[in-house]
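Per-entry structural report
Here is what each chain is made of, one letter per residue.
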Amino acid sequence: MKFSISREAFLKPLQLVVSVVERRQTLPVLSNVLITLDNNLLSLTGTDLEVEIVGRIELEQAGQGGEITVPARKLVDICKSLPDKSVINFSEDGGRMLITCGKSRFTLSTLPASDFPSVEEGAGQVEFTIAAAALKKLIDDTAFAMAQQDVRYYLNGMLWEASNGLLRAVATDGHRLAMSSQEMPFSLPERIQAIVPRKGVVELSRILADDGDVTVTLGSNHVRIQRDDFRFTSKLVDGAYPDYERVLPKGGSKYVIGDRELLRHAFARTAILSNEKYRGVRLQLTSGLLKITANNPEQEEAEEEVTVDYEGEGELEIGFNVNYLLDVLGVLKGENFRMVLSDANSSALLEAPEADGSVYVIMPMRL
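Notes on the structure follow.

What counts and what doesn't
- Per-chain numbering applies: the sequence of each chain, read as written, is numbered from 1 onward.
- Totals for whole chains, interfaces and linings use all residues, but because this is a predicted model, local features are given only for residues with pLDDT of at least 70 and pairs of side-chain atoms are given and counted only at 80 or more.
- As a convention, hydrogens and water are excluded, and side-chain values are obtained from all of the structure's heavy atoms.
- Numbering of helices and strands runs from the N terminus; a helix is a DSSP stretch of H or I covering at least four residues, while a strand is a stretch of E covering at least two.
- DSSP-based pairing: two strands are paired if at least 2 bridges between them are found.
- We call two N or O atoms a polar contact when they sit within 3.5 Å, provided that within protein one can donate a hydrogen and the other can accept it, with sequence-adjacent residues counted only if both atoms are side-chain atoms.
- Only heavy atoms matter for contacts: two residues are in contact if any of them lie within 4.5 Å across the pair.
- For each residue, the accessible area found with a 1.4 Å probe, counting protein chains only, is set against the maximum for its type, and the residue is called buried under 20%, exposed over 50%, and partly exposed in between.
- As a rule, the C-alpha atoms of each element are fitted with a line to give its axis, helices using only the stretch in contact, and angles between N-to-C directions run from 0 to 180 degrees.
- What makes a salt bridge here is a side-chain nitrogen of Lys or Arg within 4 Å of a carboxyl oxygen of Asp or Glu, nothing more.
- Here the word oblique covers every angle except those under 35 degrees (roughly parallel), over 145 (roughly antiparallel) and from 65 to 115 (roughly perpendicular).
- Crossing handedness is defined as follows: a turn of the near helix away from the far one that is anticlockwise and smaller than a right angle gives a left-handed crossing, while the clockwise case is right-handed.

A few words now on unusual backbone geometry. In this model, N39 sits at a positive phi of 55 degrees, which is unusual for a non-glycine residue. Inspection of the secondary structure assignment puts N39 in the loop between β2 (32–38) and β3 (41–47). Unlike most non-glycine residues, R279 shows phi in positive territory, near 60 degrees. Along the chain, the position of R279 falls in the loop between α5 (260–271) and β18 (280–286).

Here is the structure:
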């Protein structure tokens, strides 16, 4: 294997794949990145056996083909340390990778490409094309509600559901739920569900850009997203996701509409004096006014009053985890925010009044 490439062109696919490579591995080859050269197409692959990312780039000049694995972190550090706009030369020599750039010279150990594992894919159940920005929005609007290290392992991921004319992403940790939908031009005989693991969701959000389209393939045990410059593959979580539609509150009779940024800042200020463990705040709703209060075991108290539009019979007092409210207000777009409530013991439905396809459910707290 032998080729030359500019530093910037090589760093782009390398940084794309290196984050999936774990520093501490039981298999030494998993700390490496697989470099493959076929004619003038250079591919870099990183994997942790659950998620695999392949970055691709076309070389201006074809080199000598081949494939080899080299230590991922050392390769990144070397390339970052080299001068901007420099040309890096790679050549394999006797089981070593020789890297030269100007008067700099590095020799890295290698492991055979035949030792490098690939994520098993299997057949796809549905394949479709979607704008990368639209898929990133689905992920970013819901990812914060995923559970972390929950014993209900299927909650430590995000549900993707494809049905007639709709792609939906759902995440929940049992205390709150986030759901975002995107209209799609496909018709399916039945709903197809896939639970993408947390790490896959985080990596995908990172690598998806705001331009161009990507092709998505949902299989029974994997999801694959690709375009010319990268291919992302992740195993799916094997389990049944809860029936999220049962969680969506129906028949709420109390409506609150307020300025999103104004409310976000009011909640953030009140949160300063909330209980550090439970993070509870009390909301008191009267005609045209929302009063937010928080206190803690040190007998400290915070109080905010915000003007809102409130429709509903009688006053209402209800408690919530302030972090959950702030998370929703942080991802919602638009000037205003709407909350639909029933009573002090029922979940609240939160959304943007200009329905953008995302809805959020938060369970109340006893204060």
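As a further point, take the pairing of strand β8 (residues 104–109). With 6 bridges joining them, strand β7 (residues 96–101) and β8 adopt antiparallel strand pairing. Along β8, the bridge assignment pairs I99 with F106. Counting the residues between successive antiparallel strands, the hairpin from β7 to β8 contains 2 residues, one of them, G102, with a positive phi of roughly 60 degrees.

Below, the discussion takes up the side chain of H222. By secondary structure assignment, the location of H222 is in strand β15 (residues 222–227). Engagement of the side chain of H222 in a polar contact is seen with the side chain of N221, the distance being 3.5 Å. For H222, the residues in contact, after removing those within four places along its chain, are E120, E121, G122, A123, G124, T217, T233, S234, K235 and L236.

A word on the side chain of S358. Mapped onto the secondary structure, S358 falls in strand β25 (residues 358–362). Looking at S358, the relative accessible area reads 3%, which means it is buried. A distance of 3.2 Å separates a polar atom in the side chain of S358 from a polar atom in the side chain of D141. Here S180 takes part through its side chain, which lies 2.9 Å from a polar atom of the side chain of S358. The contacts of S358, once residues within four sequence positions are left out, are K137, D141, M179, S180 and E351.

Moving on, we get to the sheet that holds β2. Taken in spatial order, the 8 strands line up as β5-β2-β3-β4-β16-β15-β14-β9 in an open sheet, and their pairing is antiparallel. The outermost strands of the open sheet, each flanked by one partner alone, are β5 (66–71) and β9 (124–131). For this sheet the average axis-to-axis angle between neighbouring strands, irrespective of direction, equals 15 degrees. When β3 meets strand β4 (residues 51–58), the two strands line up antiparallel, connected through 7 bridges.

Here we take up helix α3 (residues 132–142). The buried fraction of α3 amounts to 8 of the 11 residues, a majority that puts the element mostly inside the structure. Taken residue by residue, α3 has A132, A134, L135, K136, L138, I139, D141 and T142 as its buried positions.

This part covers the sheet that holds strand β1 (residues 2–6). Taken together, the 4 strands give an open sheet; going across it, the order is β1-β6-β7-β8, and neighbouring strands pair in antiparallel fashion. Each of the sheet's edge strands pairs with one partner strand only, and the pair in question is β1 and β8. Direction aside, the axes of adjacent strands within the sheet are offset by 20 degrees on average. Contacting β1 and β6 (87–93), helix α1 (residues 7–18) crosses the sheet at an angle of about 100 degrees to β1. Along the sheet, helix α2 (residues 72–81) makes contact with β6, β7 and β8, crossing β8 at roughly 175 degrees.

What follows concerns the pattern of salt bridges. One pass over the structure, following the stated rule, counts 22 salt bridges. Note that D48 is salt-bridged to K199, the shortest N-O span being 2.8 Å. Of this pair, D48 sits in the loop between β3 and β4 while K199 sits in helix α4 (residues 198–207); the two residues are 151 residues apart in sequence, bridging distant segments of the chain. Both residues of the pair, D48 and K199, belong to the buried class. For R176, the salt bridge identified is with D327, shortest N-O distance 2.6 Å. In this pair, R176 sits in strand β12 (residues 176–183) while D327 sits in helix α6 (residues 322–331), placing the two residues 151 residues apart along the sequence. Each of E161, R168, R191 and E245 takes part in one network of salt bridges that share partners.

Summarising the element assignment, R264 is placed in helix α5. Measuring from C-alpha to C-alpha, the distance between R264 and L325 comes to 8.2 Å, with 61 residues separating the pair along the chain. Residues in contact with R264, not counting those within four places in the same chain, are L326, L329 and G330.

Moving on, we get to the packing of α5 against α6. One way to put it is that α5 packs onto α6 with a least axis distance of 10 Å and a crossing angle of 150 degrees. With respect to each other, α5 and α6 are oriented roughly antiparallel. When the axes of α5 and α6 are compared, the crossing they make is left-handed. Each of R260, L263, R264, F267, A268 and A271 in α5 lies in contact with α6, whose residues at this interface are V322, L325, L326, L329 and G330.

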